[in-house]
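# Summary of the model geometry
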Amino acid sequence: MSRAGRISGAGPQAEPVMSPEPSDSAGAAGGVAGAAAAARAEGLVKIYGSGQTAVTALRNIDVSFPRGHFTAIMGPSGSGKSTLMHCLAGLDTVTSGRVYVGDVDLSKLSDKQLTQLRRDRVGFVFQQFNLLPTLTAAENITLPLSIAGRKPDQEWLRAVVDAVGLASRLGHRPAELSGGQQQRVACARALVTRPEIVFADEPTGNLDSRSGAEVLAFLQRSVREFDQTVVMVTHDPTAASFSDEVVFLADGQLVDSIPNPTAESVLERMKHLDDLQQEASAAGGASPEAPQPQPRQSPDEWHEAGQEQDHGSAGRV
Ligand SMILES: Nc1ncnc2c1ncn2[C@@H]1O[C@H](COP(=O)(O)OP(=O)(O)OP(=O)(O)O)[C@@H](O)[C@H]1O
Ligand SMILES: [Mg+2]
């Protein structure tokens, strides 16, 4: 099985925190990995604002997400995780570099084509669920198809609804569903169009451990049973352990990756990266080109306040 995240370039620390990937490295334009990627970025730079207030959120990122894989993106708050997902999903523009969904170069698309691509080929799961309160669960799930004027593929719809485990709740409105159930509706909505790739930005960030485990298990099943491609941002090592590979962002750069992660190996690596960052800070600060050196963060600070940290029974299934 090929590895999920591909990384090039050194991290922001004084010493490199990982060795470069061999042969099928990332962003390799037109390379084998690129052809098999559900989405990829090449030399992606994202700068918000301009002049003195400019913030460089992404610094020359090369990454590819192979089809049929579940990749987790981790990193300290402000490291660029959401920005990366938004750029890859066509929800935000890039400053330079290229972003592809499948073989489609998003920079070549008109606004209308981009809207269509987002609707038909990309699924997005938000931390806040973003369900429409007046629609039932079933109507929320099929909303992207309704908007596109498409009829659901009944067999696929049934498979998704079964997988999400909410067949008996389809007539309920979001307010009548638990947080975990609402997020599973949101996951089903993201999958119903059979998108090339599903991006989930902290999908368990607002859930208790049990509901979070339900959502993670569903995302994992969608990859294993439906060959879906999922990219998920999380601060939680246990959530990350559901993925096939974790890639780490720090200060707008990809700095590390772990294939077949466990909660323990992820936690270990987070500590290691934090130690390196502390050493770099002690030795004279962050990378010279960084406009705003990141404050030191302990592994605990990788979790956002209020984030559920104990996913208890969650784990690789
Ligand atoms: N619309 C914006 N305008 C200006 N700066 C922005 C904007 N969105 C994000 N940024 C900045 O870009 C950097 C990366 O932000 P991003 O939201 O991608 O981080 P993140 O890794 O998702 O963090 P978190 O874990 O807190 O969600 C941060 O410094 C942030 O302040
Ligand atoms: Mg974010």
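By the naming in an unreviewed UniProt entry, the protein is Phosphonate-transporting ATPase, taken from Candidatus Protofrankia datiscae.

## Focus: the sheet that holds strand 10 (residues 253-259)
Think of a sheet as strands paired side by side through backbone hydrogen bonds, with each pair either parallel or antiparallel. Read across the sheet, 6 strands follow the order 6-7-8-3-9-10 without closing on themselves; strand pairing throughout is mixed. Edge strands, defined here as strands with exactly one partner in the open sheet, are strand 6 (122-125) and strand 10. Strand-to-strand twist in this sheet, taken as the mean axis angle between neighbours without regard to direction, amounts to 20°. For strand 7 (residues 197-201) and strand 8 (residues 230-233), the ladder comprises 4 bridges, and the chain directions are parallel. When the bridges of strand 8 are listed, Asp 201 appears paired with Val 233. Along the sheet, helix 6 (residues 179-191) contacts strand 6 and strand 7; its crossing angle with strand 6, the most-contacted strand, is approximately 170°.

## Quick word on the packing of helix 5 (residues 154-164) against helix 6
Running from N to C, helix 5 and helix 6 point in directions that differ by 155°, and their axes come no closer than 10 Å. Put simply, helix 5 runs roughly antiparallel to helix 6. Between helix 5 and helix 6 lies a crossing of right-handed hand. Residues Val 160, Val 161 and Val 164 of helix 5 pack against Arg 184, Cys 187, Ala 188 and Leu 191 of helix 6. Grouping the constituent residues of the contact of helix 5 with helix 6 by class yields 6 nonpolar, no polar and 1 charged.

## Section: the pairing of strand 4 (residues 96-101)
Pairing geometry for strand 1 (residues 37-48) and strand 4, over 5 bridges, is antiparallel. Bridge assignment links Val 45 to a residue of strand 4, and that residue is Ser 96. Of the pairings in the sheet, the one linking strand 4 to strand 5 (residues 104-105) comprises 2 bridges and is antiparallel in character. The residue of strand 5 that forms the bridge with Tyr 100 is Asp 105. Hairpin connection from strand 4 to strand 5: 2 residues lie between these consecutive antiparallel strands, with Gly 102 at a positive phi of about 60°.

## Overview of the sheet that holds strand 4
What the 4 strands build is an open sheet, ordered 2-1-4-5; its pairing is antiparallel. Each edge of the sheet is formed by a strand with only one pairing partner; in this case those strands are strand 2 (55-66) and strand 5. Sheet strands in contact with helix 2 (residues 81-88) are strand 1, strand 2 and strand 4, and its direction is about 120° off that of strand 1.

## Some remarks on the site of ligand 1
The local shell around ligand 1 consists of Tyr 48, Gly 49, Val 55, Ala 57, Gly 75, Ser 77, Gly 78, Ser 79, Gly 80, Lys 81, Ser 82 and Thr 83. Put simply, the parts of the chain that give the shell around ligand 1 at least two residues each are strand 2 and helix 2. Its residues placed into classes, the shell around ligand 1 shows 3 nonpolar, 8 polar and 1 charged.

## Concerning the nonpolar core
If you look at the biggest cluster of nonpolar residues, it comprises 74 residues, and the most contacted ones within it are Leu 88, Cys 187, Ala 188, Ile 197, Phe 199, Leu 219 and Phe 248. In contact with Phe 199, not counting residues within four places along its chain, are Met 85, Leu 88, Ala 89, Val 122, Phe 124 and Val 231.

## What to know about the environment of Ala 217
Turning to its location among the elements, Ala 217 is positioned in helix 7 (residues 209-226). Each C-alpha atom, one on Ala 217 and one on Ala 239, is 9.5 Å from the other, the two residues being 22 residues apart in sequence.

## Here's the deal with unusual backbone geometry
Trans peptide bonds make up most of the peptide bonds, and negative phi angles are found at most residues other than glycine. A positive phi angle, near 55°, is found at Asn 60, a position not held by glycine. Asn 60 sits in the partly exposed class, given 18 other C-beta atoms within 10 Å. In this model, Asp 251 sits at a positive phi of 50°, which is unusual for a non-glycine residue. Given 24 C-beta atoms within 10 Å, Asp 251 falls into the buried group.

Quick notes on the rules
Residues numbered from 1 in each chain as written. Chains lettered and ligands numbered in written order. Predicted model: local features only at pLDDT ≥ 70, side-chain atom pairs only at ≥ 80, totals over all residues. Pairing = 2+ DSSP bridges. Helix = DSSP H or I, 4+ residues; strand = E, 2+ residues; numbered from the N terminus. Axes fitted to C-alpha atoms, helices over the stretch in contact; angles between N-to-C directions. Contact = placed C-beta atoms within 7 Å. Parallel < 35°, antiparallel > 145°, perpendicular 65-115°, else oblique. Left-handed = near helix turned anticlockwise from the far one by under 90°. Nonpolar A, V, L, I, M, F, W, Y, C, P; charged D, E, K, R; others polar. Near = placed C-beta within 6 Å. Core = buried A, V, L, I, M, F, W, Y, C linked by C-beta atoms within 7 Å. Buried ≥ 20, exposed ≤ 12 C-beta atoms within 10 Å, placed from the backbone.

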